[in-house]
Structure formats: structure tokens, C-alpha cells
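# Working through the structure, step by step
One letter stands for each residue in the lines below.
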Amino acid sequence: MKTADFLIIGGGIAGVSAAARLAPHGRTLLLEAESAFGYHSSGRSATFYHFGIGKSVVRGMTAFSRTHFETPTAAGVELSRPSAALFIATPGMVDGLDELEAEMARYSNGLERLDATGVKAIVPILNTSGDGVVAGVIDRTARRLDSEALQQDYRATLKKAGGEAIPDARVVAVAREGDAWTVTTATGDSYAAPILINAAGAWCDEIARLAGVAPLGLQPLRRTIIVFDAPAELDVRDWPFTKTAVDDFYMLPESGRLLACPVDEVPSDPGDAQPEEYDIALAASKVEEYTSVPIRRISHSWAGLRTFTHDRVPVAGFAPDASGFFWLAGQGGYGLQTAPAMSAITEALIAGTAWPGMLTEWGVTREAMSPERLKPRG
Ligand SMILES: Cc1cc2nc3c(=O)[nH]c(=O)nc-3n(C[C@H](O)[C@H](O)[C@H](O)COP(=O)(O)OP(=O)(O)OC[C@H]3O[C@@H](n4cnc5c(N)ncnc54)[C@H](O)[C@@H]3O)c2cc1C
């Protein structure tokens, strides 16, 4: 049996970022079920950083996280690059755009209001005729994240501090024995530590059940992305992430092509999410609704799970009903852009470092993050 001070279940962005922050405070072991880290949600995101998503606590965590993304790694690797986020409105969405602009103005000093002509000057394929796009707000402080670089950097930090990230380690049993949590993997290996961090993404409630801890009622929601060719005569590489002011559609450039998403949220069980024909067709129809580009060929598509708490605010804190069991869950559709904040919160709550003052300023408090706010469900 291997022993540690901190045992983390889940090698997605939540688990690796927490591992990197905890490793300087004690021996840290990270257990990942798959042979590749970031195989599930963390490897399937749109990798964007923006303020057009989530409640104010989420926006506060996003604002806090900016410095991490803007700072290259010790090896000089960039973790993100500047980009823009354009929020668009059809006539029926203008109130929603006004609300979003007012909310985002608390976090960004790079907002500019645009009319249909201004929007079209930036993304010329947008449909601005008839009931098409009539207004927009561009945020020039958004960023494109490099999820692979983030994952690698967090794992390198963990390793440098003497920790270990262990792939092919699917936890199948969890027990509290004396002062320690003992976990057993499908290959029969055992690990023990006084503190167990549950960062298993869509599987967090399953891990809680294995441990005899009350689940939080987390809900994984499937989301689909399609990739298609941009019109040959247009260079789309510097186009912004473009999203409707109310959740209906988003699109962004990727290696000269375009990604599009119908902002679908299909309740799902934890698992290896695959795109469904209906959602692929829906994504294509949204592209044709909001742009002048007919979809002739979808080069590929994928789906991933976004896992939410009831109030859509992520959770970080010790379970009220089990000593040493720490929840790091419910990152929803913002787990990449909030990972530096979530991992700093985890460090503060577990290792006793100071709660970052900037988080408090943004309204991100212990209470707002606590699992105690969520009524446990069976
Ligand atoms: C289509 C899509 C677009 C998105 N776009 C963005 C975006 O633009 N910006 C953004 O910030 N976020 C985005 N997200 C959300 C983001 O991807 C997630 O919030 C984030 O990846 C969640 O990270 P995680 O570590 O909690 O989960 P995961 O990455 O799923 O990691 C959990 C890990 O736990 C492991 N695990 C589960 N059970 C066990 C077990 N028994 N033993 C060991 N390991 C186990 C799993 O194998 C998995 O690797 C998007 C998500 C999707 C699906």
C-alpha cells in the first residue's frame, strides 16, 4: 500500500491543478482511471476564457484566474493567447445582451458595443438580414486557453514537488480506516491518505457513494461540437469566439476551420460521451441560421460532459458528513477558466494558506463554495 498526505481521484483539470497546489504541502498522489490524463471533459472543451458565462461567483473565479493564464511556464511555454469574445443579439435577444454587457463590465475594461455593421465587419459570415443579428458586444480581454499546456504544466509542478500522477488507476473501492482513507483500484493496488480529494468530474457522486458519503445530486449534461470548413476565401484565424447573448449558439476558429456548438445540455449518466446525430444536425442548423455558410461537410464532431451542482456554482470544501473527504466538483462549463481559482481555494481550505483577498473582493467566499449549501440527495 502506498501512503500519502493527499490522495486525489481524477486526472482532469480539476485534479491536476489541485495536485500542483497541494504537492508543496505534503506527499500528493493523483489517481486517474484512464491511460491518458484529461481524456474526458478536460480534453473536450472549447478552451475559451471569457466572462459571458456563469453566475457572479464563476465570473469572480474567472477574473482571479487570469494572471495564471497570462504567465508563461518556467520553461517559457504560453498557457493561453489573447483573443476576443463577441456576444451577438437578434432582435429578441437585445435585453439579454444589455444584461450581459452590464454584468461583464464589472470584470472587463475591454468591452465595446457594436451595431449590425460593426459585428459584420468582424465576422463577415454573420447573418444580419431580416431577423438576424442586430447588435453585439465585443470583449477584447478574452483568451484562448491551451488545455494541453495547462495539464502538462500542472503535472510537471506536481512531479517537481515530489508528487505522482498515476494513470490506469480506476478507483473501485473507498473506505475510511482509522484516520485514513484507503482506496483500491481495479488493478488491485491500494493507496491511503488522511485527506481524499474527490475531483472525478462527472463521477464525483459515484466516488461519494463508494465512500459512503452523501452525494450532492450532481448532473452531467452532454454538449456537442462540430468542426466544418470556413469559406475558402476567408482567413478566420483571428476571428473572435462568437456567442449569442442568450444560450443558443457559439462558434470559434480552430486551425483555419470553424467549431460550432448548439449550446445543448442533454442530461446524461457519467461515461464516455459521444455526439448524437440529432445534436450534430442541430449544430449544423444553428450555423445556417446565424451565418451565411451552408454546411456541406462536417469534418468531425465530439461531445463531452459538463457537470453541474443544483445552483450551477462549483463546489470546493470538506464534506460535512465525512472527515477528510474533500469535494472538488461541479465545474460545469467553466472548469478550465476557473481552475487556477478552484485550486487556490483547495490549497487554502486543505493546507491552511490564506484565502486570496482578490477572491473575497469578487464575492468568492468559503460559504459560496461550500458543499454545505447543497442539500444532499440520495
Ligand atoms: C463541449 C464542451 C465545451 C467546454 N468549453 C469550455 C470552455 O471553453 N472553457 C472552460 O473553462 N470550460 C469549458 N468546458 C468545461 C470544462 O471542460 C470542464 O468544466 C472541466 O474539464 C471539468 O474538469 P474535471 O477535471 O472536473 O473533469 P474531467 O476532465 O472529466 O476529469 C475527471 C477525471 O476523473 C476520472 N475518474 C472518474 N472516475 C474515476 C475513478 N473511479 N478513478 C480514477 N479516476 C476517475 C475521469 O477518468 C476523468 O479523467 C467545456 C466542456 C465541454 C464538454
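- For the protein chain, the name recorded in an unreviewed UniProt entry is FAD-binding oxidoreductase, with Sphingomonas lycopersici as its organism.

### Notes on the sheet that holds strand β1 (residues 2-3)
- Spatial ordering of the open sheet is given by β1-β13-β12-β11, a layout of four strands whose pairing is mixed. Of all strands in the sheet, those bounded by a partner on one side alone are β1 and β11 (171-177).
- Where β11 lies against strand β12 (residues 180-185), six bridges are found, and the strand directions are antiparallel. Residue pairing for β12: R176 is matched across the bridge by W181.
- Here helix α6 (residues 204-211) sits on the sheet in contact with β11 and β12, set at roughly 45 degrees to β11.

### So, the site of the ligand
- Near the ligand you find 39 residues, and of these E32, S42, F48, G332 and Q337 are the closest.
- S42 is positioned with one of its side-chain polar atoms (N or O) 2.5 Å from an oxygen atom of the ligand.
- Within the backbone of F48, one N or O atom sits 2.9 Å away from an oxygen atom of the ligand.
- Notes on the ligand: free accessible area 1000 Å², of which the protein chains cover 96%.
- Contributing elements (two or more residues each) for the shell around the ligand: α1 (13-22), β15 (219-229) and β20 (298-308).
- When residues of the shell around the ligand are assigned to their parent elements, the largest contribution, three residues, is made by β20.
- Per-class residue counts for the shell around the ligand are 18 nonpolar, 15 polar and six charged.
- If you count residues domain by domain, the shell around the ligand takes at least three from each of domain 1 (2-46 + 147-217 + 311-373) and domain 2 (84-141 + 219-308).

### Thoughts on the domain arrangement of the protein chain
- In terms of domains, the protein chain is made up of domain 1 (2-46 + 147-217 + 311-373) and domain 2 (84-141 + 219-308).
- Of note, the centres of domain 1 and domain 2, computed from C-alpha atoms alone, are 31 Å apart.
- Here domain 1 meets domain 2 over a buried area of about 1500 Å², counting both sides, of which 54% is carbon and sulfur.
- Where R44 meets D272, a salt bridge forms, and the shortest distance between an N and an O atom there is 2.6 Å.
- Seen at the junction of domain 1 and domain 2, the total is nine residue pairs in polar contact (both at pLDDT 80 or more).
- When grouped by side-chain class, the residues that make up the side of domain 1 that touches domain 2 number six nonpolar, nine polar and three charged.

### Quick notes on the side chain of R223
- Note on placement: R223 falls in strand β15.
- One polar contact links the side chain of R223 to the main-chain carbonyl oxygen of D264, over a distance of 3.1 Å.

### Details of the environment of S299
- Within the secondary structure, S299 sits in strand β20.
- Through-space distance from the C-alpha of S299 to that of I226 is 7.7 Å; in sequence the pair is 73 residues apart.

### A few points about the UniProt feature "domain: FAD dependent oxidoreductase" (unreviewed entry) in the protein chain
- Here the UniProt feature "domain: FAD dependent oxidoreductase" (unreviewed entry) sits at residues 5-346.
- The span residues 5-346 is 25% helix and 30% strand, and its two end C-alpha atoms sit 14 Å from each other.

### Topic: the pairing of β15
- Counting buried positions over the 11 residues of β15 gives nine, a clear majority of the element.
- In terms of strand pairing, β15 meets β20 through 10 bridges, oriented antiparallel. Bridge pairing links I226 to S301 in β20.
- The pairing of β15 with strand β19 (residues 266-267) spans two bridges and is classified as antiparallel. Opposite R222, over in β19, you have V266 as the bridge partner.

### Concerning α6
- By the burial criterion, the buried members of α6 are C204, D205, I207, A208 and A211. End-on view of α6: buried residues confined to an arc of 155 degrees, all on one side of the axis.
- If you follow the buried residues of α6, they end up packed against β2 (6-9), β11, β12, β14 (195-198) and β22 (325-329).
- Taken from the residues just after α6, G212 is the one with a positive phi, measuring 75 degrees.

### Here we look at the packing of α1 against helix α8 (residues 339-351)
- Put simply, α1 and α8 touch, their axes get as near as 8 Å, and they point 50 degrees apart. In terms of orientation, α1 lies oblique with respect to α8. The element α1 and its partner α8 pack so that their crossing is right-handed. In this structure, α1 contributes I13, S17, A18, R21 and L22 to the contact, and α8 contributes A339, P340, S343, A344, T346, E347 and I350.
- Across the contact of α1 with α8, the residue classes tally to seven nonpolar, three polar and two charged.

About the criteria used
- Residues numbered from 1 in each chain as written.
- Predicted model: local features only at pLDDT ≥ 70, side-chain atom pairs only at ≥ 80, totals over all residues.
- Heavy atoms only, no water.
- Pairing = 2+ DSSP bridges.
- Helix = DSSP H or I, 4+ residues; strand = E, 2+ residues; numbered from the N terminus.
- Contact = heavy atoms within 4.5 Å.
- Axes fitted to C-alpha atoms, helices over the stretch in contact; angles between N-to-C directions.
- Near = heavy atom within 4 Å.
- Polar contact = N/O pair within 3.5 Å; in protein donor to acceptor, adjacent residues only side chain to side chain.
- Areas by Shrake-Rupley, 256 points an atom, 1.4 Å probe, with all protein chains shown as cover.
- Nonpolar A, V, L, I, M, F, W, Y, C, P; charged D, E, K, R; others polar.
- Domains from an automatic or database assignment.
- Buried area = accessible area lost by both parts, 1.4 Å probe.
- Salt bridge = Lys/Arg side-chain N within 4 Å of Asp/Glu carboxyl O.
- UniProt positions renumbered as here; feature names shortened; annotations may be inferred.
- Buried < 20%, exposed > 50% of the residue type's maximum accessible area, 1.4 Å probe, protein only.
- Arc of directions from axis to C-beta.
- Parallel < 35°, antiparallel > 145°, perpendicular 65-115°, else oblique.
- Left-handed = near helix turned anticlockwise from the far one by under 90°.

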